Amino acid sequence: MADQTHVLFVEDDDVIREATQLALERDGFVVTAMPDGLSGLDAFRADRPDIALLDVMVPGLDGVSLCRRIRDESTVPVIMLSARADSIDVVLGLEAGADDYVTKPFDGAVLVARIRAVLRRFGHAGGGDRAEDAAPEGGVLTFGDLEVDTEGMEVRRAGAPVALTPTEMRLLLEFSSAPGTVLSRDKLLERVWDYGWGGDTRVVDVHVQRLRTKIGQDRIETVRGFGYKLKA
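About the criteria used
- Residues numbered from 1 in each chain as written.
- Predicted model: local features only at pLDDT ≥ 70, side-chain atom pairs only at ≥ 80, totals over all residues.
- Heavy atoms only, no water.
- Core = buried A, V, L, I, M, F, W, Y, C linked by side-chain atoms within 4.5 Å.
- Buried < 20%, exposed > 50% of the residue type's maximum accessible area, 1.4 Å probe, protein only.
- Helix = DSSP H or I, 4+ residues; strand = E, 2+ residues; numbered from the N terminus.
- Contact = heavy atoms within 4.5 Å.
- 1 Å grid on protein atoms, 1.4 Å probe; cavity = no way out; pocket = protein on both sides within 12 Å on 5 of 7 lines; lining within 4 Å.
- Points joined across faces, edges and corners; volume = space filled by probe spheres on them.
- Nonpolar A, V, L, I, M, F, W, Y, C, P; charged D, E, K, R; others polar.
- Axes fitted to C-alpha atoms, helices over the stretch in contact; angles between N-to-C directions.
- Left-handed = near helix turned anticlockwise from the far one by under 90°.
- Pairing = 2+ DSSP bridges.
- Right-handed = clockwise from strand over helix to strand, strands pointing away.
- Parallel < 35°, antiparallel > 145°, perpendicular 65-115°, else oblique.
- pLDDT = per-residue confidence, 0-100.

So, about the nonpolar core. In this structure, Leu-54, Met-80 and Phe-175 are the most contacted members of the largest nonpolar core, which totals 50 residues. Of all the elements, helix 8 (residues 202-215) adds the most residues to this core, at six residues. Apart from residues no more than four positions distant in its own chain, Leu-54 is found in contact with Val-10, Gly-63, Leu-66, Cys-67, Ile-70, Val-78, Ile-79, Met-80 and Leu-81. Grouped together as the second largest cluster of nonpolar side chains are 16 residues, Phe-29, Ile-79, Val-102 and Val-112 included.

Rendered as structure tokens:
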């Protein structure tokens, strides 16, 4: 990586924490590793890392609660680590503001790939794709009381600013680029989450729901069996 990226890694298992830290450092990341949620929150506030990896089940302050605390203060990307793919904790983590999740046990190369994919969406990792790269042409786009400024990366609803995370912004930009067109979950995974392989569509569903709460529940329509579309 052209610039060293600072990773906050919160994991209570000593073996996993140390092995993962070493693996990430070999790939050029600077890693701050913490064994519990409270020390992780302190480290986040002190260091302001570029990305946070949070295990769901950590003592003191669990990963989901830690994610909420981080999201209250920052739009820094967050990846949750969960021991079970079918765990309700995955959905809770995404609802708390996480951008993605990885299931344990994980392959180091897969984890690095997911980290870099998230960082590209946020404009890190050596100048990869940024949110504005997904912007449709047209300056300010209007959909009812919703205004999407594709150049200033700002959103307003009924004239009031709407705070979106970079992932939510990229998702809205994809919908704004093709209003009225149904976008499948797989297509959104590819375009927004940069998945070159099949991914868990719950990531899309939860982010769509989060976006709806901010821009209006009826603005994005579910087309059963196909995906979602932005009402023109």
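One number sums up the size of the largest pocket: a volume of about 200 Å³. Around the largest pocket sit 15 residues that line it, and Ala-19, Thr-20, Ala-23, Phe-106 and Gly-108 are the ones nearest its centre. Among the elements of the structure, helix 1 (14-26) and helix 5 (108-121) are those that each provide at least two residues to the lining of the largest pocket. Top element by residues in the lining of the largest pocket is helix 1. It accounts for seven residues. Split into classes, the residues belonging to the lining of the largest pocket amount to 10 nonpolar, two polar and three charged.

Here we come to the packing of helix 4 (residues 88-95) against helix 8. Here helix 4 crosses helix 8 at 40 degrees, and the two axes come no closer than 9 Å. Once helix 4 is placed against helix 8, the crossing between them reads as right-handed. Listed contacts from helix 8 to Val-90, Val-91, Leu-94 and Glu-95 of helix 4 are Arg-202, Val-203, Val-206, His-207 and Arg-210. The residue inventory of the contact of helix 4 with helix 8, partitioned by class, reads five nonpolar, one polar and three charged.

On a regular strand, each side chain points to the face opposite its neighbour's, so the side chains alternate between the two faces of the sheet. The buried count for strand 1 (residues 6-10) comes to five of five residues, which makes it a mostly enclosed element. Judged by which residues are buried, strand 1 turns out to be covered on both faces: His-6, Leu-8 and Val-10 on one side and Val-7 and Phe-9 on the other are all buried. Pairing of strand 1 with strand 2 (residues 30-34) involves five bridges; the strand directions are parallel. Following the sheet pairing, Val-7 is matched in strand 2 by Val-31. Of the crossover connections in this fold, the one passing from strand 1 over helix 1 to the parallel strand 2 is right-handed. The pairing of strand 1 with strand 3 (residues 51-55) spans four bridges and is classified as parallel. Counted as the bridge partner of Phe-9 is Leu-53 from strand 3.

To continue, consider the pairing of strand 3. Burial within strand 3 is extensive, with five of its five residues counted as buried. Residues of strand 3 alternate between two faces, with Ile-51, Leu-53 and Asp-55 on one and Ala-52 and Leu-54 on the opposite face, all of them buried. Summarising the sheet, strand 3 and strand 4 (residues 78-82) pair through four bridges and their orientation is parallel. Within strand 4, the residue paired with Leu-54 across the bridge is Met-80. Read from strand 3 through helix 3 (residues 63-73) to strand 4, the crossover connection turns out right-handed.

What follows deals with the packing of helix 6 (residues 166-177) against helix 8. At a minimum axis distance of 10 Å, the contact between helix 6 and helix 8 shows a crossing angle of 85 degrees. Relative to helix 8, the element helix 6 lies roughly perpendicular. For the pair helix 6 and helix 8, the contacting residues are Thr-167, Glu-168, Leu-171, Leu-172 and Phe-175 in the first and His-207, Val-208, Arg-210, Leu-211, Lys-214 and Ile-215 in the second. Of the residues assigned to the contact of helix 6 with helix 8, the class counts are six nonpolar, two polar and three charged.

In this section: the confidence of the model for the protein chain. Counting all residues, the mean pLDDT for the protein chain is 88, and 89% of those residues have values of 70 or more. Residue range residues 125-134 is modelled with pLDDT below 50. Its contacts to residues more than four positions away, or to other chains, number 22 contacts.

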